Amino acid sequence: MVKVYQTYLDGTRIYTCTTCHSHLALHEDIISRAFHGRHGAAYLFDNVVNVSLGAKEERMLMTGMHSVADIYCNICHTTVGWKYVFAFEESQKYKEGKYIVEKSKIAKENDWDEVDS
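If you're wondering where the values come from, they're calculated on a predicted model, not measured in any experiment. (Residues numbered from 1 in each chain as written. Predicted model: local features only at pLDDT ≥ 70, side-chain atom pairs only at ≥ 80, totals over all residues. Heavy atoms only, no water.)

Draft legend 1. Focus on the overall build of the protein. A count of helices and strands for the protein gives zero helices and nine strands. Scanning the protein from its N terminus toward the C terminus, one meets helices and strands in the order β-β-β-β-β-β-β-β-β. The C-alpha radius of gyration of the protein comes to 14 Å, within 12% of the 13 Å expected for a compact globule of 117 residues. Each principal axis of the C-alpha distribution contributes one length, and for the protein these read about 45 × 40 × 20 Å. Classification of the 117 residues of the protein by burial places 43% in the buried group. The long-range fraction of contacts in the protein, counting pairs at least 24 apart against all pairs at least 6 apart in sequence, stands at 44%. About 6800 Å² of surface is accessible on the protein, with carbon and sulfur atoms providing 49% of the total. (Helix = DSSP H or I, 4+ residues; strand = E, 2+ residues; numbered from the N terminus. Rg over C-alpha atoms; globule rule 2.2 N^0.38 Å. Buried < 20%, exposed > 50% of the residue type's maximum accessible area, 1.4 Å probe, protein only. Contact = heavy atoms within 4.5 Å. Areas by Shrake-Rupley, 256 points an atom, 1.4 Å probe, with all protein chains shown as cover.)

Next up, the structure:
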């Protein structure tokens, strides 16, 4: 059995996995809230922690063809979103290396105010 080490984020506004409550991201790492994932609303993050990458694949998304890799929670293995590996369209290059996290797969640790979201 492999021992899994977790990163614990330091901050007042932390997003966690809805399944196991492992820390995933800081609120200040959100680039945009105007994205859509497989299950509805999603956030574009600059950085996430405690995730593993799946196999890279090409997907036709709303904004064109991208190479992406699904991201999984390291603790419970729930698919929480994907990482943009490569964007074929020049206008979409800003997404490369960034992460989409499904809103339905994350929770606010300690239920910080909705006003702050």
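Draft legend 2. Examining the nonpolar core more closely. In terms of nonpolar packing, the biggest core is built from 14 residues, with Tyr15, Tyr43, Phe45, Val48, Ile71, Val101 and Ile106 touching the most fellow members. Core analysis: the second largest hydrophobic core is formed by eight residues, Ala42, Leu44, Tyr84 and Ile100 among them. (Core = buried A, V, L, I, M, F, W, Y, C linked by side-chain atoms within 4.5 Å.)

Draft legend 3. Structural context of the environment of Thr79. Looking at the element boundaries, Thr79 is found in strand S7 (residues 79–87). Along the primary structure Thr79 and Leu53 are separated by 26 residues, whereas in three dimensions their C-alpha atoms are 9.8 Å apart. Sequence-distant contacts of Thr79, defined by excluding residues within four places in its chain, comprise Arg38, Asp70, Ile71, Tyr72 and Lys105.

Draft legend 4. Representation of the environment of Glu89 in the model. Along the chain, the position of Glu89 falls in the loop between S7 and strand S8 (99–102). Counting along the chain gives 23 residues from Glu89 to His66, while the straight-line C-alpha distance between them is 8.2 Å.

Draft legend 5. Spatial organisation of the environment of Ala55. Looking at the element boundaries, Ala55 is found in strand S5 (residues 51–61). Note on Ala55: relative accessible area 63%, which makes it exposed. Those residues within four positions of Ala55 in sequence are excluded, and the remaining contacts are Val68, Ala69 and Asp70.

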